[in-house]
Amino acid sequence: MERSENGTMVPVGAGVVTALVGYTSAFAVVLAGLRGVGASPGQAASGLLAVTVTMGAASALLSWRYRMPIISAWSTPGAALLATAGAVAGGWPAAVGAFVVCGVLFVLTGLWPALARWVQRIPTPIAQAMLAGVLLPLCIAPVTALAGNPWAVAPVLLVWLVLLRFRPRWAVPLAFLVALGVIAIALVRDDAVPAFAALVPHLEWTTPAWTLQALTGIVLPLYIVTMASQNIPGAAVLGSYGYSVPWRPSLTVTGVGSVLGAPFGGHAINLAAISAALAAGPDAGADTSRRWIAGVSSGAANLVLGVLSTGLTAVVLAAPDGVVQAVAGVALVGAFAAACAGAMASEADRVPAAVTFVVAASGTTVAGVGSAFWALVVGILVHVILGARRSLDA
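These remarks concern the structure in this document. Since we're looking at a predicted model, the values are computed, not measured.

Scoring rules and cut-offs
- Residues numbered from 1 in each chain as written.
- Predicted model: local features only at pLDDT ≥ 70, side-chain atom pairs only at ≥ 80, totals over all residues.
- Heavy atoms only, no water.
- Helix = DSSP H or I, 4+ residues; strand = E, 2+ residues; numbered from the N terminus.
- Buried < 20%, exposed > 50% of the residue type's maximum accessible area, 1.4 Å probe, protein only.
- Phe/Tyr/Trp six-rings, centres within 6.5 Å; stacked < 30°, edge-to-face > 60°.
- Core = buried A, V, L, I, M, F, W, Y, C linked by side-chain atoms within 4.5 Å.
- Contact = heavy atoms within 4.5 Å.
- Axes fitted to C-alpha atoms, helices over the stretch in contact; angles between N-to-C directions.
- Parallel < 35°, antiparallel > 145°, perpendicular 65-115°, else oblique.
- Left-handed = near helix turned anticlockwise from the far one by under 90°.
- Nonpolar A, V, L, I, M, F, W, Y, C, P; charged D, E, K, R; others polar.

A closer look at unusual backbone geometry
The phi dihedral of R67 is positive, around 50 degrees, even though this residue is not glycine. Note that R67 resides in the loop between α3 (41-66) and β1 (72-74). Given the relative accessible area of 43%, R67 is considered partly exposed.

Structural notes on the packing of aromatic side chains
One pair of aromatic rings is described through two measures. These are the centre distance and the angle between the planes. All chains considered together, the criterion is met by 7 aromatic pairs. Where W92 meets F99, the ring centres are 6.0 Å apart and the plane angle is 75 degrees; that geometry is what we call edge-to-face. Like W92, the residue F99 is buried in the burial classification. On the basis of an interplanar angle of 80 degrees and a centroid distance of 5.5 Å, the ring pair of W205 and F264 is categorised as edge-to-face. Here F264 lies in the loop between α11 (247-261) and β2 (269-271) and W205 lies in the loop between α9 (171-189) and α10 (212-240), a separation of 59 residues in the sequence. Looking at W205, the relative accessible area reads 54%, which means it is exposed.

A closer look at the nonpolar core
Buried together is how nonpolar side chains tend to be arranged in soluble globular proteins. Formed by 90 residues in total, the largest nonpolar core has its most connected members in F27, W74, W92, F99, I218 and Y223. Those residues in contact with Y223, other than ones at most four positions away along the chain, are C102, L105, F106, T109, L115, W118 and V119. With 9 residues, the next largest nonpolar core counts M68, I70, A235 and V245 among its residues.

Overview of the environment of A360
Here A360 is to be found in helix α15 (residues 350-362). With 230 residues separating them in the primary sequence, A360 and M130 have C-alpha atoms 5.7 Å apart. Filtering out sequence-adjacent residues up to four positions away, A360 remains in contact with M130, G133, V134, S371 and A375.

A short note on the packing of α3 against α11
A pair of packed helices is characterised by two quantities: the angle between their axes and the separation of those axes. The N-to-C vectors of α3 and α11 enclose an angle of 155 degrees; their axes lie 9 Å apart at closest approach. The orientation of α3 with respect to α11, classified from their angle, is roughly antiparallel. Classified by chirality, the crossing of α11 by α3 is right-handed. Together, A50, T54, A58, L61, L62 and Y66 of α3 and P249, S250, V253, G257 and G261 of α11 make up the contact between the two elements. Taken together, the residues of the contact of α3 with α11 break down into 7 nonpolar, 4 polar and no charged.

Focus on the packing of helix α14 (residues 323-344) against α15
Two elements in contact, α14 and α15, have axes whose closest approach is 8 Å; the angle formed by their N-to-C orientations is 140 degrees. In this view, α14 runs oblique relative to α15, as classed from their interaxial angle. Packed against α14, whose contacting residues are F336, A343 and M344, the element α15 presents R350, A353, A354 and F357 at the interface. Looking at the contact of α14 with α15 residue by residue, the classes come out as 6 nonpolar, no polar and 1 charged.

A short note on the environment of V182
With respect to the helices and strands, V182 occurs in helix α9. For the pair V182 and G86, spaced 96 residues apart in sequence, the C-alpha to C-alpha distance is 28 Å. Excluding residues within four positions of it along the chain, V182 makes contact with A152 and V323.

Now the structure itself:
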């Protein structure tokens, strides 16, 4: 028992749990995001493989090098943004080009801290309201899916709700397993089991292209939402457990990983926020100096999950209508609730936040640029105007 508590077994186990919870909780969201910006089934499978492997490698490298549980994850809010962005001018190659630029921005942020301070100057209610507006359509999806295909979707939602009451950490992962069971039954029933070739891991190269619409409609919102909802909170979570994150190396490694994974379809990797607590907290052992092992084992587990991701993608893309949308929706309910709370926390900023939320949730495209970008522009403008009015009134 002593070896288990003070040796390697506890942090190794915590790292594996971190990887499993993070992967199964957001797998469907990432897949929906890549498909939303034009990826074919093969390109989406390649992107999922690329982003899983790069975040696993980043976790293992940073944790081993700095002897602290630095967990890298894919950008779940970023994937949600992509899922609602719609096709961009230039198609999938332009989306890949946007991923490359976003990775470069992460590297520059690590090397030039002023960029991070610029992101932090965006009023928190505005950034959170934009995220909430982006997440709203995805969180509504389980409701419409239940109405359209109740027999397939109801078991997923029921398991999620019950586990949310008794084992919240496992609510989404077990709902995902139930969804896989529903999908398996449907595939066998319809004699639609994917061929073995579709299950073999593979990478598909896409030569990046760059269009103004992709640069404004994808890069800026993806960068801001990833920094504000993942990197900055992720560093804060580790700080709450006594770990001082090496900011420059962490942003550089995750930025380079994002650039390397982008031509194969990976959208972005970053510091983990929520799942970081699983590897940095007491569940990873009483000895804080050995919790870095959880980061390394989490990275190794993600490398294994990356190998399995192609098969999971093939199975999920053959799912009955509504099942994947239900899993993605319940996976984002917690993030949506937190974003709403952050958006409306300040009474003085509620109107600008509400305007930002409405614009982002509208899904409106203007000049070929999606609603997330315009939500930021309009929200900040209203914030400035109302702030100026309050100053005059004072």
